[in-house]
Amino acid sequence: MSVPPIRPIEWLEDRVRIIDQTRLPEAEVYVDLRTAREVADAIKTMKLRGAPLIGVAAAMGVAIESRSLISVGWNKFELKVERAIELLRATRPTATNLFWALDRMNMALGKGSIQTSPGACSDSLVAEALRIYDEDLTTGIEMGRAGESLIDDGCSILTHCNAGALATSGFGTALAPVYAAASKGRKFRVFADETRPLLQGARLTAWELSRAGIDVTVICDGTAHSMISRGKVNLILVGADRITRSGDAANKIGTYGVAVSAERSGVPFYVVAPVSTIDFDIDKGEDIPIEERSQSEITHICGTRIVPSEVTAFNPAFDVTPAELVSGFVTEMGLITPPYRKNIASLRPEKA
Ligand code: MRU
C-alpha cells in the first residue's frame, strides 16, 4: 500500500523537522525544533496538530532535550528530562495520545536509570521516540486495511477536521481507509468540512487529498447537515482525540452535530483511531477534558477582527459524540462494533 509522500515530522538527530501546518496551504514551510520548549510551543500554537502527531512530537521533544544533556551528571539529567516531560504534558489537554506517548517516555527514562550514563539513557529515549513514530505509521496502514472495505466504488465520504497524513506520522486515521481504497483503484469523492475556526478541513485535508489525486470538495460546516439529509453522503469517517472505555469519542468541535445528522438520516458514522487514543481510565465522555482555545481564533480572520469589539467568543476545540451515535470504530486491531464496553475492553494492552 502506498504511503502519501508527506513527512509531517522527521527526526534529524540534533533537531526535529516539522511542516508548519499554520502556513498550509499557501506555503510548504519546514521548521526545525531543537529543544523540548520549541516542540511544546509548536504544539500549543498548532504548527503541528492532530492527536497521534502530538504524541509523536512530544516523544521526540523529550528525546531531543535529552540529547543536549548527555554531559551533565545523572541527577541533573533525570531532573531536566522529567521537567521536559511535564512541560510537554501541559501543552494540550484533550488528546490522549500526548499523555500515552509521554508515559512511554517516562518509562524509558525509568528503565534508563539502571543504565550507566545519561548518554546511554538518551539513546534509550531516542529509540523509544522513534518506535512511537514507526508504530504510528504502521498503525495508520493497518487502520487503512481494516477500514477500506467500508468505501464502495462511487461513494461519497464526508470527513471533519484533518485526520490524515498531516495529523500522524504520515498515513492518517480517518483518511487511512481513503488512501487504502484509492490505492486499490476505487473511485469515490470526499467532502471535507472546512472546520471552523482553524479550517483544518479546508486548509489541510483538502491539501493532502488533492496532492494524493483524490477527488475532494470543501464545504462549509453548516452545509454538511443538509448534504447528509439529502442523501448526498454515503459514509462519514472522522478521527478522535480521546475515546472512553464506553465508546464516547471526543473529536474536533462540530463532529457531534455531524453524528446527530448521520443518525437521523441513517448514514454510517465511523470513528477511525488507534488504540493509543483510547483512555481506558475514563468511562464517560463528560469526563474528557475539553480544551478551550483563544477567542481570537473566532473573532479574527487573517488578523482582521470580524466580531464587534465589545462581543466575546467561546471557543471549545472539541466536542464529544456519544457511543450510541457511532456505527463502529476502525482501529489497527480491526473493526470494533457494539457492545462497545466489552469490545473496547478487549483492546486494552497488557501492562508492561
Ligand atoms: O485541534 P486539532 O487540529 O489538533 O484537532 C484534530 C482533530 O480533532 C482530529 O480529528 C483528531 O486529532 C484525530 S487526528 C488523526
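Read on for an overview of the structure. These numbers come from a predicted model, not from an experiment.

How each quantity is defined
- Residues numbered from 1 in each chain as written.
- Predicted model: local features only at pLDDT ≥ 70, side-chain atom pairs only at ≥ 80, totals over all residues.
- Heavy atoms only, no water.
- Helix = DSSP H or I, 4+ residues; strand = E, 2+ residues; numbered from the N terminus.
- Expected span 1.5 Å × (residues − 1).
- Buried < 20%, exposed > 50% of the residue type's maximum accessible area, 1.4 Å probe, protein only.
- Pairing = 2+ DSSP bridges.
- Contact = heavy atoms within 4.5 Å.
- Axes fitted to C-alpha atoms, helices over the stretch in contact; angles between N-to-C directions.
- 1 Å grid on protein atoms, 1.4 Å probe; cavity = no way out; pocket = protein on both sides within 12 Å on 5 of 7 lines; lining within 4 Å.
- Points joined across faces, edges and corners; volume = space filled by probe spheres on them.
- Parallel < 35°, antiparallel > 145°, perpendicular 65-115°, else oblique.
- Nonpolar A, V, L, I, M, F, W, Y, C, P; charged D, E, K, R; others polar.
- Arc of directions from axis to C-beta.
- Near = heavy atom within 4 Å.
- Polar contact = N/O pair within 3.5 Å; in protein donor to acceptor, adjacent residues only side chain to side chain.
- Areas by Shrake-Rupley, 256 points an atom, 1.4 Å probe, with all protein chains shown as cover.
- Sits in = over half its atoms within 2 Å of the grid points.

**Details of helix α2 (residues 51-67)**
Then, number 1: A rise of 1.5 Å per residue sets the reference length of α2, with its 17 residues, at 24 Å; its end C-alpha atoms lie 25 Å apart and thus fit the reference within 8%.
Then, number 2: For α2, a buried count of 16 out of 17 residues is recorded, marking the element as mostly surrounded by other parts of the structure.

**Focus: the sheet that holds strand β11 (residues 278-279)**
Then, number 1: With mixed pairing, 4 strands are arranged side by side in an open sheet as β11-β8-β9-β14. The strands lining the two open edges of the sheet, one partner per strand, are β11 and β14 (318-321).
Then, number 2: Contacting β9 (249-252) and β14, helix α9 (residues 255-265) runs over the sheet at an angle of about 30 degrees to β14.

**What about empty space enclosed by the protein?**
Then, number 1: Scanning all chains against the criterion turns up 3 cavities of 30 Å³ or more.
Then, number 2: Approximately 170 Å³ is the volume found for the largest cavity.
Then, number 3: Together, 19 residues line the largest cavity, and Arg-49, Gly-50, Ala-51, Asn-162 and Asp-241 are the ones closest to its centre.
Then, number 4: Those elements that provide at least two residues to the lining of the largest cavity are α2 and β9.

**Section: the sheet that holds strand β6 (residues 215-219)**
Sheets are built from strands paired through backbone hydrogen bonds, the pairs being either parallel or antiparallel.
Then, number 1: Strand order across the open sheet formed by 7 strands is β6-β5-β4-β7-β10-β15-β16, with mixed pairing between neighbours. Strand pairing shows two members of the sheet lacking a second neighbour, β6 and β16 (334-336), which therefore form its edges. Taking the axes of each pair of neighbouring strands and ignoring which way they run, one obtains an average angle of 25 degrees across the sheet.
Then, number 2: Relative to β6, strand β5 (residues 189-193) is paired through 5 bridges, and the arrangement is parallel. Of the residues in β6, the one forming a bridge with Arg-189 is Asp-215.
Then, number 3: Helix-sheet contacts for helix α5 (residues 118-147) involve β10 (269-272), β15 (328-331) and β16, and the interaxial angle to β15 is about 135 degrees.

**Things to note about the packing of helix α1 (residues 36-44) against helix α3 (residues 74-89)**
Then, number 1: Viewed as axis vectors pointing N to C, α1 and α3 meet at an angle of 10 degrees, and their least axial separation amounts to 9 Å. The angle between α1 and α3 places the two elements in the roughly parallel class. Only Ala-84, Leu-87 and Leu-88 of α3 make contact with α1, whose side of the interface consists of Ala-36, Arg-37, Val-39, Ala-40 and Ile-43.
Then, number 2: Here the residues of the contact of α1 with α3 are counted per class, giving 7 nonpolar, no polar and 1 charged.

**Details of α9**
Since there are 3.6 residues in each turn of an α-helix, residues three or four apart along the chain are aligned in direction.
Then, number 1: Every buried residue of α9 is listed here: Thr-255, Val-258, Ala-259, Ser-261 and Ala-262. What you see down the axis of α9 is that its buried residues fit within an arc of 165 degrees, all on one side. More than 90 degrees from the buried face of α9, the exposed residues found are Glu-263 and Arg-264.

**Looking at unusual backbone geometry**
Then, number 1: With an omega of 5 degrees, the peptide bond running from Arg-196 to Pro-197 counts as cis.
Then, number 2: If you trace the backbone, Pro-197 turns up in the loop between β5 and α7 (200-211).
Then, number 3: Phi at Glu-13 is positive, roughly 70 degrees, even though this residue is not glycine.
Then, number 4: As for its placement among the helices and strands, Glu-13 is situated in the loop between β1 (9-11) and β2 (16-19).
Then, number 5: One non-glycine residue, Thr-195, lies in positive phi territory at about 70 degrees.
Then, number 6: Counting through the fold element by element, Thr-195 comes out in the loop between β5 and α7.

**Some words on the site of the ligand**
Then, number 1: By nearness alone, 18 residues border the ligand, and Arg-49, Ala-51, Arg-92, Asn-251 and Lys-252 come closest of all.
Then, number 2: The contact in question runs from an oxygen atom of the ligand to an N or O atom on the side chain of Arg-92, over 2.8 Å.
Then, number 3: At 2.9 Å, a side-chain N or O of Asp-241 approaches an oxygen atom of the ligand.
Then, number 4: The fraction of the free accessible surface of the ligand (410 Å²) that becomes covered by protein chains is 100%.
Then, number 5: Assessed atom by atom at 2 Å from the grid points, the ligand resides in the largest cavity.

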